[in-house]
Amino acid sequence: MNRFLCSIVLLLTSITGLSQTRIEGKVKDTKGRPVAGASISIKDSYDGATADSLGGFSFVTEEKGERMVLVSSIGYLLLERPVTIGSSTLKLDLQLKEAPDELKAVVVTAGSFEASDSKRTTVLNSIDIVTTASANADVTGAIRTLPGTQQVGEKEGLFVRGGSGEEAKVFIDGTLVNNFFYSSVPDIAQRGRFSPFLFKGTVFTSGGYSALYGQALSAALILETIDLPDQSSANIGVSTVGLNGGYQHLNKKKDASWGVNYAYTNLLPYFELVPQRPDYFKVPQFHYADANFRFKTKTGGMVKFYSTFQANQLGLRNADIDSAALKNAFSLSNQNLYANLSWKEKLGKKWRMNLGLSYSNNLDDIGNQLQDQDDKPIAIQGLPYVLKNFAYDLRSSLAQTKLVMERKLKGLSAVRFGGEYLYFHDRLEARDTSFRARSLDDHFKAVFAETDIYITNDLAAKLGARFEHSSLLSRSNLVPRISLAYKLGNLGQASLAYGMFYQKPERNQLVINTNLDYTRSTHYIANFQKVTSGNTFRVEAFYKKYEDLVKTFPGLDNSGYGYAKGVELFWRDKKTFKGFDYWVSYSFLDTRRDYLNYPNSIQPNFAANHTASLVLKKFITKWKTQFNASYTFSTGRPYYDIRYNSNEDKFAIYDQGTTINYNNLSFSVNYLPTVGNPNAKKFVVWVLSVTNVLNQDQVFNYNYSFNGSIKRPVVPPANQFFFLGCFISFGIDRTEDVINSNL
């Protein structure tokens, strides 16, 4: 009986075995590498296996006919393979595609330095900016240590890749800032109006920037303000140049906050200690006040409002270049109001909305007076003296709104589109003997679309287009923007970018002729970058073609042109030496242009061929002290005496040369006595900084007299700048910020 039962069992087992089919094969990725641990199964059954270390698998199934084999693995897209299961062994070669992964995916970087704390490609953050020795807590001061920027000390603005300061624009929370820098003073560069601690993210694009932004021929500095503070806090500060204080309140639910700040700067005590070259008959004074509120919406969005009011004045006197018996007294009174409201919102799982509103109003009361040696006003008819007495008010306002909609696509891919409307109003009103007033109004509109396409984790593209129309120019333009990025495994990634960029002529040119057209540039960029947890290496080559630049002679038109090309290097290392952070940048620039009153195509006087910066930071925990140093070098810039030749009815170069090389070694020390103390109720920072430690001569340009017989160098108001301050925060401990940014 037992023998009979065994036979039945063996027979049934044999029949079952004969009805099963073996399925075997290998699972690999698109590069032929085995995918160990991949799960292989037949849909709607329990049959399947797991791939071994070589990607091999094998299992048997009783399923027959048309079936679907499913293959899955973390980091890869699900694979569905239709198969026909018969009686013989089924062999499968399965290939998985990598799933888009933000941490692994390639990033389009050509022309762009991202400095957000949340980005893997972090280059600079707010702590970096305030601890860069030469920056003096000015956002653009720290940006000037990055490749592509020029060291221009006689005029405010970012001069990038052969572009003038007017060709780089600044955006806060997506909208254009009309007067980011303090108002111009002859031959003295002005700093930015905004504190670096207002921003959590900084993106500096030296070319090829996104279609979401426009009206900048050369570069865009894109700043994103901070969200809610971690906790309520107050701060006060006193320094050699002024006082400041502020308060930030966070509600109990930690979903809303408000804050106010005020700062007063008066340079009288400093000027008494450190003599200045100009005779300041009205010492610079600055009032700064801001207010903000922020709150989270019920769906996780964020609403942010930020507003500043600033007022300042100064007056300085210099010897007149055309007569040793005369002086020029320049005065400026400025009021500036800026407000920004932004709203970020998630609309369902795949849609996001960014809405921005901003308004700014800037009023400059500018005057210049010709004076005798007793500082008494004097009027002299005839050129050039008749032009040296003037007074006028310059008011500029900008109201704008911008909407960006984003739709998430498959994986990391996304499409963004939207539009913006900007209303510019500028009014120039002269108050001298020949009263003149002129207003300019421009209703500027733009629509744009851009898409991020992640073909794989290793290959991505950003395609965009932008359409703009200016009512003042009565002209429109349509521009393409294209960027590609390819990841070279562990070696890094390569990117390419191409784009066209338009910009309206300057206000002082449009006041004379509103029939001018847009100026235009075309960017070609090739980039290689490797970013690790502690190092960043980047090399970038570019070519930029300028067209339709504004010429002021023989007529005011768009017949100007030019080019810029070069190579840039950047290396940052936070890993090799413990507690030691440094970066090195180098830029080579070859540029020429024929614009304004240039007699032909020449290298502009704001462009140096070679520029290099070295920034060093060392935090010594035992001493609770951070030491910062930066050194910047650039070769001399060209200067020209360009004057009108009445005999030949043209402008000509009567004299030219090259300034001395620029050198600036700056040093700062930050002493933090309360750092690391868990019981400390306040966080204290002492700051001491010195620019141009070696007291080296700096010449930025040369001015010429009307007849060219006198030539005078343009130099800084003083060779060095010294700063000593103490800043105390209550209720917030910045120990973690300091440690994270230095160790």
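Since the structure is predicted, the reported quantities are computational estimates derived from the model, not experimental observations.

The rules behind each value
- Residues numbered from 1 in each chain as written.
- Predicted model: local features only at pLDDT ≥ 70, side-chain atom pairs only at ≥ 80, totals over all residues.
- Heavy atoms only, no water.
- Helix = DSSP H or I, 4+ residues; strand = E, 2+ residues; numbered from the N terminus.
- Buried < 20%, exposed > 50% of the residue type's maximum accessible area, 1.4 Å probe, protein only.
- Contact = heavy atoms within 4.5 Å.
- Areas by Shrake-Rupley, 256 points an atom, 1.4 Å probe, with all protein chains shown as cover.
- Lys, Arg positive; Asp, Glu negative; His and termini not counted.
- Charge placed at Lys NZ, Arg CZ, Asp CG, Glu CD.
- Pairing = 2+ DSSP bridges.
- Axes fitted to C-alpha atoms, helices over the stretch in contact; angles between N-to-C directions.
- Polar contact = N/O pair within 3.5 Å; in protein donor to acceptor, adjacent residues only side chain to side chain.
- 1 Å grid on protein atoms, 1.4 Å probe; cavity = no way out; pocket = protein on both sides within 12 Å on 5 of 7 lines; lining within 4 Å.
- Points joined across faces, edges and corners; volume = space filled by probe spheres on them.
- Phe/Tyr/Trp six-rings, centres within 6.5 Å; stacked < 30°, edge-to-face > 60°.
- Lys NZ or Arg CZ within 6 Å of the ring centre and 35° of its normal.
- Salt bridge = Lys/Arg side-chain N within 4 Å of Asp/Glu carboxyl O.

Asks: Which parts of the structure should I look at to understand the overall build of the chain?
Replies: Tallying secondary structure elements over the chain gives six helices and 38 strands in all. Each principal axis of the C-alpha atoms in the chain carries an extent, and together these give about 135 × 65 × 45 Å. For the chain, with 743 residues in total, the buried portion stands at 50%. Sequence-distant contacts in the chain: of pairs separated by 6 or more residues, those separated by 24 or more amount to 62%. Of the roughly 34600 Å² that the chain leaves accessible, carbon and sulfur atoms contribute 58%. On the chain, the mean spot of the 83 positive side-chain charges and the mean spot of the 69 negative ones are 6 Å from each other.

Asks: Explain the sheet that holds strand 3 (residues 48-50) here, please?
Replies: Judged by pairing direction, the sheet is antiparallel, and its four strands sit side by side in the order 3-2-5-6 without closing on themselves. Among the strands making up the open sheet, the edge pair consists of strand 3 and strand 6 (79-85). Averaged over all adjacent pairs, the angle separating strand axes in this sheet is 20 degrees, with direction ignored. By the bridge criterion, four bridges tie strand 2 (residues 39-42) to strand 5 (residues 65-72) in an arrangement that is antiparallel. Note on strand 5: the bridge partner recorded for Ile42 is Val69.

Asks: What exactly am I supposed to notice about the sheet that holds strand 1 (residues 21-29) here?
Replies: The strands making up a sheet associate through hydrogen bonds between their backbones, and the pairing can be parallel or antiparallel. In spatial order, the strands read 4-1-7; together these three strands make up an open sheet with mixed pairing. Two strands in the sheet have a free side with no partner beyond their single neighbour: strand 4 (56-61) and strand 7 (90-96). On average, each strand axis in the sheet is inclined to that of its neighbour by 25 degrees, with strand direction left out of account. In this sheet, strand 7 lies alongside strand 1 in parallel orientation, the contact comprising seven bridges. Its bridge partner lying in strand 7, Lys28 is registered against Gln95.

Asks: Hey, could you run me through the side chain of Ser183 in this one?
Replies: The residue Ser183 is located in the loop between strand 10 (175-176) and strand 11 (199-205) in this model. On the basis of relative accessible area, Ser183 is assigned to the buried category, the value being 9%. Of the polar contacts made by the side chain of Ser183, one reaches the side chain of Asn334; its length is 3.1 Å. Setting aside its immediate chain neighbours within four residues, Ser183 contacts Gln190, Arg193, Leu332, Asn334, Asn362 and Asp364.

Asks: What exactly am I supposed to notice about empty space enclosed by the protein here?
Replies: With a probe scaled to a water molecule rolled over the atoms, the places where space remains empty come into view. Inspection of the entire model under this criterion finds 10 cavities of 30 Å³ or more. Roughly 90 Å³ of internal volume is contained in the largest cavity. Taken together, 14 residues make up the lining of the largest cavity; nearest its centre are Gly214, Gln215, Glu420, Leu422 and Arg466. Counting only elements with at least two residues in the lining of the largest cavity, the list comes to strand 21 (414-430) and strand 23 (459-470).

Asks: In this structure, what is going on with the packing of aromatic side chains? I would like to understand it.
Replies: How two aromatic rings sit relative to each other is set out by the distance from centre to centre and by the angle between their planes. Under the criterion given, the structure shown has 33 aromatic pairs. On the numbers, 5.2 Å between centres and 80 degrees between planes, the contact of Phe180 with Phe181 is edge-to-face. By the burial criterion, Phe180 is buried, and Phe181 matches it. Taken together, the aromatic side chains of Phe180, Phe181, Phe194, Tyr306 and Tyr338 make up a single cluster linked through ring pairs. When the ring centre of Phe542 is taken as origin, the NZ or CZ atom of Arg161, which lies over that ring, is 4.4 Å away. Lys504 extends its terminal NZ or CZ atom over the ring of Phe424, reaching a point 3.9 Å from the ring centre.

Asks: What is the right way to read the environment of Leu496 from this model?
Replies: Mapped onto the elements of the fold, Leu496 is located in strand 25 (residues 493-503). Residue classification places Leu496 among the partly exposed residues on the basis of a relative accessible area of 48%. Sequence separation of Leu496 and Leu484 is 12 residues, and the distance between their C-alpha atoms is 5.1 Å.

Asks: Sorry, what's going on with the pattern of salt bridges here?
Replies: Note on pairing: side chains with opposite charge can pair once their charged atoms come close. Scanning all chains against the criterion turns up 37 salt bridges. The partner of Asp29 in a salt bridge is Arg33, with the nearest N and O atoms 2.7 Å apart. Between Lys200 and Asp227 there is a salt bridge, with its nearest N and O atoms 2.7 Å apart. One end of the pair, Lys200, is in strand 11; the other, Asp227, is in the loop between strand 12 (219-225) and strand 13 (233-239), and 27 residues separate them in sequence. By sharing partners, the salt bridges in this structure join Asp173, Lys200, Glu224, Asp227, Lys304 and Lys344 into a single network.

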